[in-house]
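Coordinates in review
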Amino acid sequence: MTKESVIELLTKKDAQKKKSRTPARLDFLQSATGAVLALFILFHLIFESSILLGKDSMYHLTKAFEAEFIIDGGEPLIITGLAFVVFMIFILHAAIAMRKFPASYSEYKSYKTHRELIQHSDTNLWFIQISSGFVMFFLGSIHLYIMMTQPQNIGPFASSDRIYSDVMWPMYLMLLVSVVLHAGVGIYRLIIKWGLLDGENPRANRIRSRAVVKGFVVFYLMIGLFSLGTYIKIGYEHRDDYGQKYTLEQK
């Protein structure tokens, strides 16, 4: 073997090694963006539930995000910027995750046969995740687009008007369910996939993790549903004054 042949062979091997790392890097990027989005969802639902503490609480929290403590009256464009950043991460995560979606009916058929054959709970969770992710991609994009283009219409009355009078509550209900399920399953899969909290007994950790995630899903669905119900109630009571913004003098 000539020197040139050896160099060519080594070059090809290096190229193959570099190429083989791509799926792992994409998996890591998918996990990282998924973790960021899951944390955002956790805090976002808590912030949205501020309406349960009263209109003033939701108003003050909205103004805090608009940096009213720095800018007199607040600046809604800050919300636009935050929503845009989340939207970019959301699109990146979806683009990477789509490579694992069944690309044809035959692939879906193979997955379905595999799932029915092994009857493994984690395989069923994966199906829940891709189904909720598919729904979330469309509904989440609509929600983020509204937040980017109408940041001034976030508040006790403005949000309630959008949900009730603009009849957006069915979309937000479906979005709530899909987001919580997707985030819950995603967190569980991250824990298992990357061996987080495995300890000396990975099987026991899997059982504990599944129980914690179920509690997480139930808790966030409950606060989400109560919050959505409260916005609907306020929107119903405010229907005759549609478009009127909330002020602290209004109770």
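This write-up is about the structure you can find in this document. All values reported here derive from a predicted model rather than from experimental measurement.

**As for the overall build of the protein chain**
- A count of helical and extended segments in the protein chain gives 8 helices and 0 strands.
- Secondary structure elements of the protein chain occur, N-terminal to C-terminal, as α-α-α-α-α-α-α-α.
- A total of 251 residues make up the protein chain; the buried ones form 37% of that total.

**Regarding the environment of Val 36**
- Inspection of the secondary structure assignment puts Val 36 in helix H1 (residues 3–48).
- Val 36 gets classed as partly exposed once you look at its relative accessible area, which sits at 42%.
- The spacing of Val 36 and His 93 is 57 residues in sequence and 9.9 Å in space, taken between C-alpha atoms.

**Overview of the packing of aromatic side chains**
- A complete count under the given rule lists 10 aromatic pairs for this structure.
- Both rings, one in Phe 157 and one in Tyr 246, keep their centres 5.1 Å apart while their planes meet at 85 degrees; by these two values the pair is edge-to-face. With Phe 157 in helix H6 (residues 156–164) and Tyr 246 in the segment after helix H8 (202–237), this pair connects stretches of sequence that are 89 residues apart.
- The exposure class of Phe 157 is buried, given its relative accessible area of 8%.
- Under the relative-accessibility criterion, Tyr 246 is labelled buried at 7%.

**Observations concerning a nonpolar patch on the surface**
- Where nonpolar side chains cluster on the molecular surface, the patch consists of Leu 39, Phe 43, Ile 46, Phe 47, Phe 65, Leu 82 and Phe 219 and spans about 630 Å² of accessible area.
- The dominant element in the nonpolar patch, judged by the number of residues it contributes, is H1, at 4 residues.

**Observations regarding unusual backbone geometry**
- Backbone geometry places Ala 67, a non-glycine residue, at a positive phi of 60 degrees.
- Structurally, the position occupied by Ala 67 is in the loop between helix H2 (55–65) and helix H3 (77–97).
- Located in the positive-phi region is Val 167, a residue other than glycine, with phi close to 50 degrees.
- Inspection of the secondary structure assignment puts Val 167 in the loop between H6 and helix H7 (169–193).

**Digging into the pattern of salt bridges**
- Taken as a whole and judged by the stated rule, the model has 2 salt bridges.
- Between Glu 66 and Lys 63 there is a salt bridge, with the nearest N and O atoms lying 3.1 Å from each other. As far as the burial class goes, Glu 66 and Lys 63 line up, both buried.
- For Glu 237, the salt bridge identified is with Lys 233, shortest N-O distance 2.7 Å. Separated by 4 residues within a single helix, Glu 237 and Lys 233 lie in helix H8, roughly one turn from each other.

**Quick notes on the environment of Asp 56**
- In this fold, Asp 56 is placed in helix H2.
- Judged by its relative accessible area of 23%, Asp 56 is partly exposed.

**Description of the nonpolar core**
- Leu 45, Phe 90, Tyr 172, Leu 175, Val 180, Phe 216 and Tyr 220 are the most contacted members of the largest nonpolar core, which has 41 residues in total.
- Elements supplying a minimum of two residues to this core: H1, H2, H3, helix H5 (121–149), H6, H7 and H8.
- No other element matches H7, which puts 9 residues into this core.
- If we ignore the near neighbours within four places in the chain, the residues touching Tyr 220 are Leu 42, Leu 45, Ile 46, Leu 176 and Val 180.

Rules and cut-offs
- Here the residue numbers are simple positions, counted from 1 along each chain's written sequence.
- Local features in a predicted model are, by the rule used here, given only for residues with pLDDT of at least 70; side-chain atom pairs are given and counted only at 80 or more, and totals for whole chains, interfaces and linings are based on all residues.
- Side-chain descriptors were evaluated using all non-hydrogen atoms of the structure, hydrogens and water having been removed beforehand.
- Under the DSSP-based scheme used, a helix requires at least four consecutive residues in state H or I and a strand at least two consecutive residues in state E, with every element numbered from the N terminus.
- Note on exposure labels: buried denotes an accessible area under 20% of the residue type's maximum, exposed denotes more than 50%, and partly exposed covers the range between, all computed with a 1.4 Å probe on protein chains only.
- Here a Phe, Tyr or Trp ring, Trp counted by its six-membered ring, pairs with any other such ring whose centre lies within 6.5 Å, and the pair is stacked when the planes are under 30 degrees apart, edge-to-face when over 60, and tilted otherwise.
- Like charges are joined within 9 Å and nonpolar side chains (Val, Leu, Ile, Met, Phe, Trp, Tyr) within 5 Å, but only among residues with over 30% relative accessible area and no salt bridge; these make up the patches.
- In these tables, accessible area is a Shrake-Rupley quantity obtained with a 1.4 Å probe, and a residue counts as shielded only by the protein chains included in the view.
- Any Lys or Arg side-chain nitrogen found within 4 Å of a carboxyl oxygen on Asp or Glu counts as a salt bridge.
- Nonpolar cores were defined as sets of buried Ala, Val, Leu, Ile, Met, Phe, Trp, Tyr and Cys residues, with membership established by side-chain atoms within 4.5 Å.
- Whether two residues touch is decided by their heavy atoms; if any such pair falls within 4.5 Å, the residues are in contact.

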